[in-house]
Amino acid sequence: MTTILRLPGDASELTVPDLLLRNERDHGDLPALSWDTREGGRTTLTWAQVRHRVAETAAGLDALGVTPGEHVLLMMGNRPEHWLTDLALVHLGAVPVSVYGTASPEQIAHIVRHSRARLAVVGGAEERTRWEQLPACAQEGSGRLRLVVADADAAGPHTAWSTVPQRYDSASFERAWRGVRPADPVTVVYTSGTTGDPKGVVISHRNVVLNGIALDGIAELPDHVDHICYLPFAHIAERMLGIYLPVLRAGHVHLCPDPDRIAALVRELRPAQFFGVPRVWEKLAAAVRAALEALPAERRTAVEDAARVARAQVRCRERGHAPDPQLAAAYAKAQHEVLRPLLAPVGFDRLVWTASASAPLPPDLQDFWAGLGVVIMDAWGLTETTGALTLNGPAAFRLGSVGRPLGGTEVRTAEDGEIMVRGSTLFAGYLRADGSVRPDTDADGWFATGDIGRVDEDGFLWLTGRKKEMIVTSTGKNVSPTLVENALKEHPLVGQAMVHGDGRSCLVALLVLDAGELSAWAARNGVEVPPDGAAGLPAVRAEVDRAVAAANARLNRTEQVKRYHLLEREWTPQTGELTPSLKLRRQVVRDRFRQVVDGLYEDHV
C-alpha cells in the first residue's frame, strides 16, 4: 500500500486546490513537473513553483473574463501550458474540458456547442488553424468563441497568451479557490464517441480525490513517484494518472508530448510505475521480442529458462501462496542474472507497478510479460467511474480478470450479464446542452455500464464484451466479438482484429498485421518481406492461417472464424478506425471494408 501523505482534512471534503496548497507547504522543494524545452534541455518546476505558476495563470484567465462554473476548452497536448492552465481553471472554480488533438472539426464543433464554451486555449499554429475553421454552427448557443493561442506572439483573429495580463494578486487567488466545493465539477470529460456524438461526463473534486485514495490502497508505489505522462488529457486515465494522482501523491510528472519519445524517456527515467493501454503493451512486447530474436542461441536459452521460473513465481503469487524456498531462490537468481539485465536497456528494470486498462490484455501478452518478471495489473473502469473502478493488485490478482472493486465501490451483474456499479467515484451525471446535469443511475444508485461480465466466487470481475457490440448470428447465438478478437491476437503477427457476423450464419474477420512483429518473424524464418504486399506472401498467409486455426481450437463452434481478410495498414485514430483512446470504431471499419466483408460471405448462406 502506498504511503498516503498528510491529508489536509476529511478525504470526502477535499478539493484539488486543498491538495496543491498542502504540496506547497509540505513538499514545496520536491520536483513536480518536468518537460523538454525547444532548446534541447529539460526544465523542472517544484511544487512551490507550480502553485505560483498556477496562480499567475489563474490571474490571466480571470483577466480574460473566466467565471466560476464556466466551461473552458483546452487543446495543447501534453505540455506544461495545458497542465498548468487546467489547474488554474480549477482554482477559479471554472471547468477545464480537454479536447483530443485528433478530434475532427465536427467533433470539436459538437463540444463547443454542447459545453456552451466562450473560450478555448490551444497550442500553436496548427491548432489555431483548425479552430478558426470550425463551421459557423459551432457558435450556436454560445456566442462568438474566443480563441487564445499559447505559442502566438501577436494578436490576430485570436488572442496571444503573451498579451494577456497575468498580475497575480494573492488575496484574489486565495479567495477564489476557497470558494470551490468538493461536489463542484473538476472537469467534464467527453467520451470518445464510438457509436455517436461524444457525451460530457461531469466529474467532481470528490470523485477524483476518493478514487486516488482508493487506488493508493491497492498499488504499492514509492513516495513521490515519477509518472510519464503521454496519453491525452482528454482521456480520464491520463487525467487521473497525470494530474490528480500526482497532486494527491506529491509525485513528479514528466510530460511527453510526442509518443515516439516514450521509449527514450523510459530508458532515461527507469520509472517505478508504467501504465499503458493494451496496444501500447503490444508494441513494447514487439520491440522486446525483436531484441530477443537478435540474441545468440545460448543467451536465448537462458532467457527461456528464466521466463519459466518467473511464470512459476507469478502462478504462486496469483494463488496467494508463498513460493517455496527453492523457487524463491531460483527466481531471485533469474532476476539478478537474466531478467533485470535484459530489461535495463529498455528502462524497465526498476518497475514495481505496471497496469493496463481500456480492454483486457490478451492472455499471451500477459504471459509474455510475466515471463520477464513484469506482472501487468489489469484494471477496468469508465469515464463515468472516474477511471479505474476494479483493479488487480500485488496482494490479490487473477491474470485475465480486471480485479476487484476499489474501496467505496460495488459491482454486480444484471440478469443479462450487464455490469452494474455504484459508489463514491461514480460521476454526477451527463452534461446537458442547457448546462444542467442529468444523473444516469437508478433509484438505488446503480449505473448500467454497458459492459458484459461475471464476478467469480473470489470477487474478481471478468469481462466478456460490450452489450451493444454483442453479435447475434442468424441462428440466434450470442457471441462476444472481444473474446474472439483477443483469441486471434494471441499470435504476435496479428496486431489488430475485428470480427463480423451479426445476422449471419458464421463469423468472418478482418486482421491487421503487426509491422514490428512481422520484421522479427521474417528475420527468424528467413522470409524477405517487401515494403508493401506482405499480406500476399504465401509464407505470411500460411502463418496467419495457423494463427486463426489455433484461435478456433480454443473457441466453440459458434465463435470460430470461418474466413478472414488480411490487411497491412494499421488502424489508428488519425485514419479514423480507432477513437483517440484507441478503442475500435466498429461501424467505421464495417463501412470502410463493407465490400471486403461481403466478399468473405459469398459462398455462405
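The rules behind the values
- Residues numbered from 1 in each chain as written.
- Predicted model: local features only at pLDDT ≥ 70, side-chain atom pairs only at ≥ 80, totals over all residues.
- Heavy atoms only, no water.
- UniProt positions renumbered as here; feature names shortened; annotations may be inferred.
- Domains from an automatic or database assignment.
- Contact = heavy atoms within 4.5 Å.
- Buried area = accessible area lost by both parts, 1.4 Å probe.
- Phe/Tyr/Trp six-rings, centres within 6.5 Å; stacked < 30°, edge-to-face > 60°.
- Helix = DSSP H or I, 4+ residues; strand = E, 2+ residues; numbered from the N terminus.
- Buried < 20%, exposed > 50% of the residue type's maximum accessible area, 1.4 Å probe, protein only.
- Expected span 1.5 Å × (residues − 1).

The protein carries the name Acyl-CoA synthetase in an unreviewed UniProt entry, which gives Streptomyces qinglanensis as its organism. Of the comments in the UniProt record for the protein, the one headed Catalytic activity (unreviewed entry) reads "a long-chain fatty acid + ATP + CoA = a long-chain fatty acyl-CoA + AMP + diphosphate".

Before going further, it helps to spend a moment on the domain arrangement of the protein. Entries for the protein in the domain assignment read domain 1 (16–272), domain 2 (274–349 + 351–466) and domain 3 (471–603). Summarising the inter-unit geometry, the C-alpha centres of domain 1 and domain 2 are found 27 Å apart. Taken together, the contact between domain 1 and domain 2 spans 36 residues of the former and 38 residues of the latter. Summing both partners gives a buried area of about 3,100 Å² for domain 1 against domain 2, and 67% of it is carried by carbon and sulfur.

Attention now moves to the packing of aromatic side chains. On inspection of all chains with the given rule, the structure shows 12 aromatic pairs. Between Trp571 and Phe593 the ring centres are 6.4 Å apart and the planes differ by 45 degrees, which places this aromatic pair in the tilted class. On the criterion of sequence distance, the pair formed by Trp571 in the loop between strand S27 (561–567) and helix H17 (586–592) and Phe593 in the loop between H17 and helix H18 (594–600) is long-range, its members being 22 residues apart. Each member of the pair, Trp571 as well as Phe593, carries the same accessibility label: buried.

The next point concerns helix H1 (residues 16–27). For H1, with 12 residues, the first-to-last C-alpha span of 15 Å sits near the 16 Å given by 1.5 Å per residue. Of all the residues in H1, the buried ones are Val16, Pro17, Leu19, Leu20, Leu21, Arg22, Asn23 and His27. Structurally, H1 contributes buried residues whose contacts are with helix H2 (47–63), helix H3 (80–91), helix H6 (170–177), strand S8 (185–190), helix H7 (205–216) and helix H8 (236–249).

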